[in-house]
Amino acid sequence: MKKVLKKVLVFTFFAVIIAGLVLLMISVTPKPPEKEMEHARQCLSDALRNGADTYSGKLYNQAVSSYDSAMANWKKQNSRFLFFREYDRVRTFAILSAEKALEASRSSVNNTQTLRTRIKEKIDSLRSTVRELDNLFGSYPLESETRSRISKGKMLLEEAEIIFSKGRYLQANRKITESGYLLTSSYETASENLKNYFKSFGQWKSWTNKAISDSRRNGGYSIIIDKFSRKLIVYQKGVKKMEFNAELGRNWVGDKRLRGDHATPEGMYRITKKFGNGKTKYYKALLLDYPNEEDKARFRAEIESGVLPRSARIGGLIEIHGNGGKGIDWTEGCVAVTDREMDAVYNIAAVGTPVTIVGSTVDLHEILKK
């Protein structure tokens, strides 16, 4: 019995010793930084959700790199014998990763808000540019290349707005930048063309004033065509009596120079013939004395100077006629109004009634203020 008791006591002694050694080993064994690594993973996840990989790429990449370094060091330490493991570098990289991820997240949110505001401002500005282009040049016969650039710019702007609404700001910004270049450069080109056209405003104003003054003095009717505003205006005794929308030649900017240029002439003319319903394919028509002597002199000068080829012809048969109301400039140089409006103009017009055609009755500065 004593031997058994002795064996039990010896076993118990060694068991306690072994247990103590195990506990000692556990207590002195380095613990891996699991909480720090989990925190770093959570911070990286939050940063990614806030778009840090896109809007704060440098900081986010630093956070990822630190986390990868932590994992590499952890793996290296785990390959060593238990008592020789050292996790200080793992912990350092994990903490650095979390710090960089948090900074990237905050930076991304700020950058996103800033970029969103900036893009919204660009969209609003370009929308204003589009409105001005439509108001000033919607029916203005621009060169096909300029018109094509405007169309492409508008399309890119629409695409940018759709992408912007989905929160893809960098893509939207690229679209906006390209759209802005196309629309702004086209606006500058068109504006320069318009300014050059309005260099003749002094002459137009003189013709307009004379037409109204003559009407006031002789008590008769006078018709003025304002090409830019697409208006046919009837004066009697110097007072405006009627105003109708007008449609012009497809290439109406500038004076008519030769047959087939689809331009509506500019100058002071008179009605030479009236064609009633059934006498013209355009319902009713008033034939003008184009080309007058000034037109012929200018045409001859351009032929002699070589500006126009000697095979060119001056053209004619410019009328005010019906069949209008199409909403576009479609004639070969004539002025078209609706049939009902043509009735009104036809009834007041007579052979000899003056018709003055100008680029505009309003100065460009006044037009741009509207």
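Residues numbered from 1 in each chain as written. Predicted model: local features only at pLDDT ≥ 70, side-chain atom pairs only at ≥ 80, totals over all residues. Heavy atoms only, no water.

1. Considerations on the nonpolar core
Ranked by internal contacts, the top residues of the largest apolar core, which has 61 residues, are Phe198, Ile223, Ile225, Leu232 and Ile320. Examining the composition of this core, we find that eight residues originate from one element, helix 5 (residues 88–137), more than from any other. Residue contacts for Phe198: discarding those within four places in its chain leaves Trp204, Phe228, Ser360, Val362, Asp363, Leu364 and Ile367. (Core = buried A, V, L, I, M, F, W, Y, C linked by side-chain atoms within 4.5 Å. Buried < 20%, exposed > 50% of the residue type's maximum accessible area, 1.4 Å probe, protein only. Helix = DSSP H or I, 4+ residues; strand = E, 2+ residues; numbered from the N terminus. Contact = heavy atoms within 4.5 Å.)

2. A word on the packing of helix 2 (residues 34–49) against helix 4 (residues 57–78)
The N-to-C vectors of helix 2 and helix 4 enclose an angle of 155 degrees; their axes lie 11 Å apart at closest approach. On the basis of their axis angle, the class for helix 2 and helix 4 is roughly antiparallel. Along this stretch, helix 2 crosses helix 4, giving a crossing that reads as left-handed. Residue-level inspection shows Glu34, Met37, Ala40, Arg41, Leu44, Ala47 and Leu48 of helix 2 in contact with helix 4, the latter providing Tyr60, Ala63, Val64, Tyr67, Ala70, Met71 and Trp74. Per-class residue counts for the contact of helix 2 with helix 4 are twelve nonpolar, no polar and two charged. (Axes fitted to C-alpha atoms, helices over the stretch in contact; angles between N-to-C directions. Parallel < 35°, antiparallel > 145°, perpendicular 65-115°, else oblique. Left-handed = near helix turned anticlockwise from the far one by under 90°. Nonpolar A, V, L, I, M, F, W, Y, C, P; charged D, E, K, R; others polar.)

3. So, the sheet that holds strand 5 (residues 285–288)
Across the sheet, eight strands lie side by side as 3-2-1-8-4-5-6-7; this open sheet has mixed pairing. Looking at which strands have only one partner, the edges of the open sheet turn out to be strand 3 (239–245) and strand 7 (335–336). Where strand 2 (residues 231–236) meets strand 3, six bridges bridge the pair, whose relative direction is antiparallel. Bridge assignment links Tyr235 to a residue of strand 3, and that residue is Lys240. Across the sheet, helix 10 (residues 339–348) touches strand 1 (221–226), strand 2, strand 3, strand 4 (267–275), strand 5 and strand 6 (319–321), and the angle it forms with strand 3 is around 145 degrees. (Pairing = 2+ DSSP bridges.)

Spatial relationships are all this shows, so hold off on functional conclusions.
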